[in-house]
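Each chain, letter by letter, is given below.
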Amino acid sequence: MSFREELERKSVEWVQGGVISAGQRERILAGEPPAPGAAPRLVGIFSLLGATLVVLGVILVVSQNWSEIPRMTKLAAGIALMTGAYAGGYWLRFGPLSMTRTGEGVLLIGTGTLLANLALISQQYNIDFNPSPLLLPVLLAAVASAYLLRSRAFIFAAAAVAIFWLIFEIQRDGSEFQTQDAAALLVIAGGGVWLMVAAEANRRFGWDEFAAPLRFAGGFTIFSAVYALGFYRHYEVDERIAAFPAIALLVVPLVLAVAALVAVALKRESALGWPRVPAEVWPPVVAAIVVLVALVAWSFAVGANPRPNAERTFIIYTTGFWVIALALAADLAWLGLALRREWWINAALVYVGLFAITRYFDLFNDFAQTGAVFAGAGLFLLVLAFALERGRRALRHEMTGSAG
């Protein structure tokens, strides 16, 4: 149940009990606008998921009959399918039906077919196969479509493709971003921070609707990378990160994050062209930026001096990522409470639970360490529960005072 629904239900009881009047109830509800309905979100989710399944289905059907299909037939069919998807999506999106989200889903099929066609050409003509060069034009097409259509679905797809492009690019021989597999997680975390920066840049230049999808993609990337980096002591990292990926994906995001921290901490957001952060969410926002700064700085320190042998006996780097993971979860829950988004709180709790279970299997050979992990995770959850209950109680007192 959303906060608005719970408020509507409780306020009826308050009126019946004589705590507030019917007019006061109306004014309270007017100050808490209803959340957007689930239907538009579901249409967007179904369109994105449907486009993905169609592309995967076509790839599986073609792969099943690959050897029996002539070369030119494959190319012609791929181009026809891509053209048909773009034409059909454009007609649904801008034609008499004006089905915005469904049309965007069909247009996404066209973008996915573009990737399939590039892979087909690469295979047909024996081009050295690495998904990175194939993903780059798809990424550019998705970004262009997002801004031309002002489409949240396309910007989310572009963010996902950007992360996959980075993952493959850092493994490509001769790439400027080339990094060892284990150390690559450090720059992938930096890529997640770049998506958060892109979200704020879009908000700064008037593309507010793109901020949420980019934040989600960036946050998911950061949480996933930090979770994987929690196993750093098991990785074999023998070399430092090369200068170019370290600067592009760690140093530059660090500088931008520090600049944002200074602006928000001094309440000078207007100097960067941002709207002022409301007082009730200012503390968790500052805390979130502090954790991002700590993450990028710690990743740079680890990449500059990997300590391959020393880390196995004294796990300072690994412990640092454990602390950052818990801090990220705490900030997510704090922001969820401040912004009244319960699923953020639930996601943070699930992440902490997964983290605790993972640490158990990681350290099960030493019961003292396992006990410390469980005790620490339990205390963290208790502190988090205390903060959530205190926040809800303060919100309830604030509403009661306004009614009085």
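Engineer: I keep staring at helix α8 (residues 184-204) and nothing clicks. Help me out?
Structural biologist: One full turn of an α-helix is made of 3.6 residues, so residues set three or four places apart face in the same direction. Over its 21 residues, α8 extends 30 Å from the first C-alpha to the last, a length consistent with the 30 Å expected when each residue adds 1.5 Å. Positioned one or two residues after α8, Gly206 has a phi angle of 90°, which is positive.

Engineer: Looking at this structure, how should I read a nonpolar patch on the surface?
Structural biologist: On the surface, a nonpolar cluster with roughly 300 Å² of combined accessible area is contributed by Trp194, Ile247, Val252 and Leu256. Per element, the largest residue contribution to the nonpolar patch is three residues, and it comes from helix α10 (residues 243-265). Structurally, the position occupied by Ile247 is in helix α10.

Engineer: I'm lost on the nonpolar core in this one. Help?
Structural biologist: Ranked by size, the top nonpolar core spans 68 residues in total, and within it Phe154, Ile170, Leu214, Ile222, Val226, Ile241 and Leu328 carry the most contacts. Ignoring sequence-local partners within four residues, the contact set of Phe154 consists of Glu104, Leu107, Leu108, Thr111, Ala142, Ser145, Ala146 and Leu149. Of all hydrophobic cores here, the second largest spans ten residues; its members include Ala260, Trp274, Val281 and Ile289.

Engineer: What should I look at first to understand the pattern of salt bridges in this one?
Structural biologist: Where side chains of opposite charge bring their charged atoms close, a pairing between them can arise. Inspection of the entire model under this criterion finds four salt bridges. In this structure, a network of salt bridges that share partners links the residues Glu200, Arg203 and Arg215.

Engineer: Looking at this structure, how should I read the side chain of Thr179?
Structural biologist: By the secondary structure assignment, Thr179 is in the loop between α7 (152-169) and α8. Thr179 gets classed as buried once you look at its relative accessible area, which sits at 10%. Within the structure, the side chain of Thr179 is placed 2.8 Å from the backbone oxygen of Phe177, a separation counted as a polar contact. If we skip the residues at most four places from it in the chain, Thr179 touches Ile170, Ala184, Val187, Ile241 and Pro245.

Engineer: Sorry if this is basic, but what is going on with unusual backbone geometry here?
Structural biologist: Keep in mind that most residues, glycine aside, have a negative phi and that most peptide bonds are trans. Notably, Arg150 is not glycine yet its phi reads approximately 50°, a positive angle. Along the chain, Arg150 turns up in the loop between α6 (131-149) and α7. Positive phi, normally seen in glycine, also occurs at Lys267, with a value near 55°. Within the fold, Lys267 resides in the loop between α10 and α11 (282-304). For Lys267, a relative accessible area of 46% translates into the label partly exposed.

Engineer: Would you explain the packing of helix α9 (residues 211-229) against helix α12 (residues 316-339) in this entry?
Structural biologist: For any two helices packed against each other, the geometry is given by the interaxial angle and the distance between the axes. Where α9 contacts α12, the axes come no closer than 8 Å and their chain directions differ by 150°. With respect to α12, the element α9 is oriented roughly antiparallel. The chirality of how α9 crosses α12 is left-handed. For the pair α9 and α12, the contacting residues are Ile222, Phe223, Val226 and Leu229 in the first and Phe321, Ile324, Ala325, Leu328, Ala329 and Leu332 in the second. Looking at the contact of α9 with α12, its residues break down into ten nonpolar, no polar and no charged.

Engineer: Sorry if this is basic, but what is going on with the packing of aromatic side chains here?
Structural biologist: Two descriptors summarise a pair of aromatic rings, namely the distance from one centre to the other and the angle between the planes of the rings. All chains considered together, the criterion is met by 14 aromatic pairs. For the ring pair Tyr227 and Phe231, a centre distance of 5.9 Å and an interplane angle of 80° mean the geometry is edge-to-face. On the accessibility criterion, Tyr227 (25% relative accessible area) is partly exposed. In textbook terms, an aromatic cluster arises when at least three aromatic residues are bridged by ring pairs, as seen for Tyr232, Tyr235, Trp298, Tyr317 and Phe321. Directly above the aromatic system of Trp282 lies the positively charged group of Lys267, at a separation of 5.2 Å from the ring centroid. Positioned above the aromatic ring of Tyr317 is the side chain of Arg307, whose terminal nitrogen or guanidinium carbon lies 5.2 Å from the ring centre.

Engineer: Would you mind showing me how to read the packing of α7 against α9 here?
Structural biologist: Across the interface, α7 lies against α9 with an axial gap of 8 Å and an inter-helix angle of 25°. One finds that α7 runs roughly parallel with respect to α9. In this structure, α7 meets α9 at a crossing whose hand is right-handed. For the pair formed by α7 and α9, the contact residues are Arg152, Ile155, Phe156, Ala159 and Ile163 on the first element and Ala212, Pro213, Leu214, Phe216, Ala217 and Thr221 on the second. For the contact of α7 with α9, a count of residues per class yields nine nonpolar, one polar and one charged.

The rules behind the values
Residues numbered from 1 in each chain as written. Predicted model: local features only at pLDDT ≥ 70, side-chain atom pairs only at ≥ 80, totals over all residues. Heavy atoms only, no water. Helix = DSSP H or I, 4+ residues; strand = E, 2+ residues; numbered from the N terminus. Expected span 1.5 Å × (residues − 1). Patch = residues over 30% accessible without salt bridge, like charges linked within 9 Å, V, L, I, M, F, W, Y side chains within 5 Å. Areas by Shrake-Rupley, 256 points an atom, 1.4 Å probe, with all protein chains shown as cover. Salt bridge = Lys/Arg side-chain N within 4 Å of Asp/Glu carboxyl O. Core = buried A, V, L, I, M, F, W, Y, C linked by side-chain atoms within 4.5 Å. Buried < 20%, exposed > 50% of the residue type's maximum accessible area, 1.4 Å probe, protein only. Contact = heavy atoms within 4.5 Å. Polar contact = N/O pair within 3.5 Å; in protein donor to acceptor, adjacent residues only side chain to side chain. Axes fitted to C-alpha atoms, helices over the stretch in contact; angles between N-to-C directions. Parallel < 35°, antiparallel > 145°, perpendicular 65-115°, else oblique. Left-handed = near helix turned anticlockwise from the far one by under 90°. Nonpolar A, V, L, I, M, F, W, Y, C, P; charged D, E, K, R; others polar. Phe/Tyr/Trp six-rings, centres within 6.5 Å; stacked < 30°, edge-to-face > 60°. Lys NZ or Arg CZ within 6 Å of the ring centre and 35° of its normal.

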